[in-house]
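Architecture at a glance
Residue strings, one per chain:
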Amino acid sequence: EPEVTQTPSHQVTQMGQEVILRCVPISNHLYFYWYRQILGQKVEFLVSFYNNEISEKSEIFDDQFSVERPDGSNFTLKIRSTKLEDSAMYFCASRPPGRINQPQHFGDGTRLSIL
Amino acid sequence: KQEVTQIPAALSVPEGENLVLNCSFTDSAIYNLQWFRQDPGKGLTSLLLIQSSQREQTSGRLNASLDKSSGRSTLYIAASQPGDSATYLCAVRQGSGGGADGLTFGKGTHLIIQP
């Protein structure tokens, strides 16, 4: 069964550094998402992306975050100047085209640790 | 702002029992509700999606119900097995229209099935 794949599985970065998290959505999907889960807390929506632009973003997704689909397969989340509170598990998800009542499919996540 | 609550936070039962996990949400204007399973250190696996016009969905030993007007959903697991041990998450897709479809998650129910 097709899967959403995320790399790396674990990223350790110094505070203030830039980090890029990578995702390969399922090939025929057209809607892409990033979520994060701080340890012990709820999964939180960050951003959704469709037709090469952001379609929705949460209040968490401020100017230090950006997303990009640089080619036909990858979907990336960039954090420009990382802070300690950015430490979390980051999940990428994708959804097939068509009616909105299609489930989102999640990757296994990237654990981001900011030192 | 939509809030999703899951009760209980944790549950431990002997193998073979039938059990019910509860989810409530504060804003009934949803498009759909999705139940996920999360294993430790892994991503989210979609179990069932119920559209706002539906009352229930079934998949194998799992049955999810939705009472949209009262803001409640239940996940029923029949004949539980040790392999069902995981955290179960409930998430709603808000009915805000357009392409926006970020999910709002509950904190989950951590389920342990004792052999």
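These lines cover the structure that appears in this document, whether it is placed above or below. (Residues numbered from 1 in each chain as written. Chains lettered and ligands numbered in written order. Predicted model: local features only at pLDDT ≥ 70, side-chain atom pairs only at ≥ 80, totals over all residues. Heavy atoms only, no water.)

This part covers the packing of aromatic side chains. Under the counting rule described, the total for this entry stands at 13 aromatic pairs over all chains. On the numbers, 4.4 Å between centres and 10° between planes, the contact of Tyr31(A) with Tyr50(A) is stacked. Within this pair, whereas Tyr31(A) is found in strand 4 (residues 31-37), its partner Tyr50(A) is found in strand 5 (residues 43-50), the two being separated by 19 residues in sequence. Using a relative accessible area of 14% as the deciding quantity, one classes Tyr31(A) as buried. Taking 5.6 Å as the distance between ring centres and 25° as the angle between the ring planes, the aromatic pair formed by Phe61(A) and Phe65(A) counts as stacked. Take Phe65(A): its relative accessible area is 4%, and that puts it in the buried class. In this structure an aromatic cluster arises from ring pairing among Tyr33(A), Tyr35(A), Phe45(A), Phe91(A), Phe106(A), Phe36(B) and Phe105(B). If you follow Arg95(A) out to its NZ or CZ, it ends over the ring of Tyr31(A), 4.0 Å from the centre. (Phe/Tyr/Trp six-rings, centres within 6.5 Å; stacked < 30°, edge-to-face > 60°. Helix = DSSP H or I, 4+ residues; strand = E, 2+ residues; numbered from the N terminus. Buried < 20%, exposed > 50% of the residue type's maximum accessible area, 1.4 Å probe, protein only. Lys NZ or Arg CZ within 6 Å of the ring centre and 35° of its normal.)

Judged by nonpolar contacts, the single largest core of 23 residues is most densely connected at Trp34(A), Leu46(A), Phe61(A), Val67(A), Phe75(A), Leu77(A) and Tyr90(A). For this core, the elements supplying multiple residues, two or more each, are strand 3 (19-24), strand 4, strand 5, strand 7 (65-68), strand 8 (75-79), strand 9 (88-95) and strand 11 (110-114) of chain A. Setting aside anything within four residues of it in sequence, one finds Tyr90(A) in contact with Gln6(A), Leu21(A), Trp34(A), Tyr35(A), Arg36(A), Leu46(A), Phe65(A), Leu77(A), Ile79(A), Gly109(A), Thr110(A) and Leu112(A). Among the nonpolar cores identified, the runner-up in size contains 22 residues, and Leu19(B), Ile50(B), Leu66(B) and Leu75(B) belong to it. (Core = buried A, V, L, I, M, F, W, Y, C linked by side-chain atoms within 4.5 Å. Contact = heavy atoms within 4.5 Å.)

All right, on to the interface of chain A and chain B then. Each partner contributes to the interface: chain A provides 23 residues, whereas chain B provides 26 residues. Between chain A and chain B, roughly 1900 Å² of surface is buried when both sides are summed, and carbon and sulfur atoms account for 50% of that area. The interface formed by chain A and chain B holds two salt bridges in total. The partner of Lys42(B) in a salt bridge is Asp108(A), with the nearest N and O atoms 3.6 Å apart. (Buried area = accessible area lost by both parts, 1.4 Å probe. Salt bridge = Lys/Arg side-chain N within 4 Å of Asp/Glu carboxyl O.)

Turning next to the pairing of strand 3 of chain A. Residue and element names in this part refer to chain A. Judged by which residues are buried, strand 3 turns out to be one-sided: Val19, Leu21 and Cys23 face inward and are buried, whereas Ile20, Arg22 and Val24, on the alternate face, are not. Two strands pair when backbone bridges link them, and strand 1 (residues 5-7) and strand 3 are joined in this way by three bridges, in the antiparallel orientation. The residue bridging Thr5 from the neighbouring strand is Val24, located in strand 3. For strand 3 and strand 8, the ladder comprises five bridges, and the chain directions are antiparallel. (Pairing = 2+ DSSP bridges.)

Treat this as a map of the structure, not an account of what it does.
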